[in-house]
Amino acid sequence: GQQLNQSPQSMFIQEGEDVSMNCTSSSIFNTWLWYKQDPGEGPVLLIALYKAGELTSNGRLTAQFGITRKDSFLNISASIPSDVGIYFCAGRGAGGTSYGKLTFGQGTILTVHP
Amino acid sequence: DAGITQSPRHKVTETGTPVTLRCHQTENHRYMYWYRQDPGHGLRLIHYSYGVKDTDKGEVSDGYSVSRSKTEDFLLTLESATSSQTSVYFCAISAPRDPLSLHFGNGTRLTVT
């Protein structure tokens, strides 16, 4: 089946630093999404990308849909302690159905030191 | 909160016993999903439903069955639990107008001893 490789697996940063993470696939995806999971809770959608080359922001978060349709990037600017959590990329492959049958990456664990 | 309740939140069971996890939604969304979360694997789709009595398999469906007799409830059953099914199980819902925007419940942590 389709797989997404997410990197890095974990990050330890100081408050105020910028963060970058990415997700790659060997096959084409026609939709990319980024979720965040807080401890003890389910993932929450941060940003959705629907077109190759699309760049979308949500506050301090910016995500891009790679032009090859095989990758996506998430950047967090000026990190704060509440950014701590696990970030997941997710995608729907080309030719997929209209249902939310998403493939998820392995996650990036973000730790922010005050 | 997207109005999703998973029960139980925690369960410990023995190998070979049947287990049923329940997902209840108050959003009247058409699509419902069961995912499992394991370290190093992210979330993997077990089964999904696109309407009452309409279900289909995901990528890791072996050993699991589901039922959806009402719009609001989606049940996940482990017919004979195995240690490899120790995991955190998440239910999610989405609406046809925005099917890829999944809203997740808070999960059920299942331990099979």
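Here, the structure is the one placed above.
Values in this document were obtained by computation on a predicted structure and should not be read as measured data.

For this particular structure, what's the right way to read the interface of chain A and chain B?
Note: interface size is frequently given as the accessible area lost on complex formation between the parts. Taken together, the contacts link 21 residues of chain A with 21 residues of chain B. Of the roughly 1800 Å² buried at the junction of chain A and chain B (both faces included), carbon and sulfur atoms supply 59%. Linking chain A with chain B are five residue pairs in polar contact (both at pLDDT 80 or more), by the criterion used here. Those elements giving two or more residues to the side of chain A that touches chain B turn out to be strand E4 (29-37) and strand E9 (85-93) of chain A. Looking at the side of chain A that touches chain B, the element that brings in the most residues is E4(A), giving four residues.

Mind showing me how you'd approach the nonpolar core here?
Inside soluble globular proteins, nonpolar side chains tend to come together where they are buried. If you look at the biggest cluster of nonpolar residues, it comprises 21 residues, and the most contacted ones within it are Trp34(A), Leu74(A) and Leu110(A). Non-local contacts of Leu74(A), meaning those with residues more than four positions away in its chain, are made with Val19(A), Ser20(A), Met21(A), Trp34(A), Ile47(A), Leu61(A), Thr62(A), Ala63(A) and Tyr87(A).

I would appreciate a short explanation of the layout of surface pockets in the present structure.
Picture a little ball the size of a water molecule; that probe, rolled over the atoms, points out where space is still empty. When its volume is computed, the largest pocket comes out at roughly 600 Å³. Forming the walls of the largest pocket are 31 residues, and the residues nearest its centre are Gln37(A), Ile86(A), Gln37(B), Pro39(B) and Arg109(B). At the level of elements, E9 and strand E11 (108-113) of chain A together with strand E4 (31-38), strand E9 (87-95) and strand E11 (108-112) of chain B are the ones that each hand at least two residues to the lining of the largest pocket. Class assignment of the residues belonging to the lining of the largest pocket gives a composition of nine nonpolar, 17 polar and five charged.

Help me understand unusual backbone geometry in this model?
Across residues other than glycine, the phi torsion is negative in most instances, and most of the peptide bonds are trans. The residue after Ser7(A), namely Pro8(A), is reached through a cis peptide bond having omega -5 degrees. With omega at -10 degrees, the peptide bond leading from Ser7(B) into Pro8(B) counts as cis. Within the secondary structure, Pro8(B) is located in the loop between strand E1 (4-7) and strand E2 (10-13). A positive phi angle, near 70 degrees, is found at Arg69(A), a position not held by glycine. Within the secondary structure layout, Arg69(A) lies in the loop between strand E7 (61-65) and strand E8 (71-76). In this structure, Lys53(B) takes a positive phi of about 65 degrees despite not being glycine. By the element assignment, Lys53(B) lies in the loop between strand E5 (42-51) and strand E6 (54-57).

Calculation notes
- Residues numbered from 1 in each chain as written.
- Chains lettered and ligands numbered in written order.
- Predicted model: local features only at pLDDT ≥ 70, side-chain atom pairs only at ≥ 80, totals over all residues.
- Heavy atoms only, no water.
- Contact = heavy atoms within 4.5 Å.
- Buried area = accessible area lost by both parts, 1.4 Å probe.
- Polar contact = N/O pair within 3.5 Å; in protein donor to acceptor, adjacent residues only side chain to side chain.
- Helix = DSSP H or I, 4+ residues; strand = E, 2+ residues; numbered from the N terminus.
- Core = buried A, V, L, I, M, F, W, Y, C linked by side-chain atoms within 4.5 Å.
- Buried < 20%, exposed > 50% of the residue type's maximum accessible area, 1.4 Å probe, protein only.
- 1 Å grid on protein atoms, 1.4 Å probe; cavity = no way out; pocket = protein on both sides within 12 Å on 5 of 7 lines; lining within 4 Å.
- Points joined across faces, edges and corners; volume = space filled by probe spheres on them.
- Nonpolar A, V, L, I, M, F, W, Y, C, P; charged D, E, K, R; others polar.

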